[in-house]
Amino acid sequence: MTPAPGRSNEGSRFMHDMLVRLYDLPPLPDALAAAARHGVAIRRALAPEKDAVIAWVRTQFASSVAEVEAAYCRMPIACFVAVRDAHLVGFACYDATCPNFFGPEGVVEAERGRGVGRALLLSALHAQRAGQGQGVAGAAAIAVGRHDIDMGNLPDGFGENRE
């Protein structure tokens, strides 16, 4: 697999996309409470803060800017943010790369290991579930702790051109 222009494969592990059964997700309130215990609130991004969110993503996770911009074009906005003391510490988008697709997601290094990424992931997947029964977690660098999300096998014909 060849990396996209400007990206490198060195020091990284490739992960394949995973099919996620959205109707069988772990409970969202538990994940939100775990992040809140560490002082981080997870919420849907707001339109008036678009410029600030895009600028922050550009400095922290530059390769995700285009997809975050696409997430802001959806209604409701298909992006969740993690906020500590009025400062962004993470984000997660869905249906931005393509329909039924989770990602990108990013959490600043200082907040990793505190359940922030898990809460963002589950917020996005629960929002995605509102319209679908399954979604794709792309290049899934997804850590969900000890709560495994059952990733089923791809169904026959998945990904075929149906036009």
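Residues numbered from 1 in each chain as written. Predicted model: local features only at pLDDT ≥ 70, side-chain atom pairs only at ≥ 80, totals over all residues. Heavy atoms only, no water.

Enquirer: I would appreciate a short explanation of helix α1 (residues 28-37) in the present structure.
Expert: The periodicity of an α-helix, 3.6 residues per turn, causes residues three or four places apart in sequence to face the same way. All buried positions along α1 are accounted for by L28, A31 and A35. Looking down the long axis of α1, one finds its buried residues gathered within 70° of arc, a one-sided arrangement. With respect to the buried face of α1, the exposed residues turned more than 90 degrees away are P29, D30 and R37. The inward-facing, buried residues of α1 abut β2 (41-44) and α4 (116-129). G39 lies just past α1 and shows a positive phi near 80°. (Buried < 20%, exposed > 50% of the residue type's maximum accessible area, 1.4 Å probe, protein only. Helix = DSSP H or I, 4+ residues; strand = E, 2+ residues; numbered from the N terminus. Arc of directions from axis to C-beta. Contact = heavy atoms within 4.5 Å.)

Enquirer: Would you take a moment to explain the pattern of salt bridges for this structure?
Expert: Opposite charge on two side chains permits them to pair, given that their charged atoms come into close proximity. What the rule picks out here adds up to four salt bridges. For R43, the salt bridge is made with E49, and the minimal N-O distance between the two is 2.9 Å. Of the charged contacts, one joins R114 and E111 as a salt bridge, the two residues approaching to 3.2 Å between their closest N and O atoms. Within this structure, R84, E111 and R114 form a network of salt bridges that share partners. (Salt bridge = Lys/Arg side-chain N within 4 Å of Asp/Glu carboxyl O.)

Enquirer: It is not clear to me how the packing of helix α2 (residues 50-60) against helix α3 (residues 65-72) should be interpreted in this structure. Could you clarify?
Expert: Helix-helix packing is characterised by the crossing angle of the two axes and by the distance between the axes. At their nearest, the axes of α2 and α3 sit 9 Å apart, and the two run at 160° to each other. Here α3 runs roughly antiparallel to α2, going by the angle between their axes. For the pair α2 and α3, the crossing hand works out as right-handed. Touching K50, V53, I54, V57 and R58 of α2 are V65, V68, E69 and Y72, all from α3. Of the residues in the contact of α2 with α3, the class split is six nonpolar, no polar and three charged. (Axes fitted to C-alpha atoms, helices over the stretch in contact; angles between N-to-C directions. Parallel < 35°, antiparallel > 145°, perpendicular 65-115°, else oblique. Left-handed = near helix turned anticlockwise from the far one by under 90°. Nonpolar A, V, L, I, M, F, W, Y, C, P; charged D, E, K, R; others polar.)

Enquirer: Explain the environment of R43 here, please?
Expert: Relative to the helices and strands, R43 is located in strand β2. For R43, a relative accessible area of 32% corresponds to the partly exposed category. In the structure, R43 is positioned 77 residues away from L120 in sequence and 8.5 Å away in space, judged by C-alpha atoms. Engagement of the side chain of R43 in a polar contact is seen with the side chain of E49, the distance being 2.9 Å. (Polar contact = N/O pair within 3.5 Å; in protein donor to acceptor, adjacent residues only side chain to side chain.)

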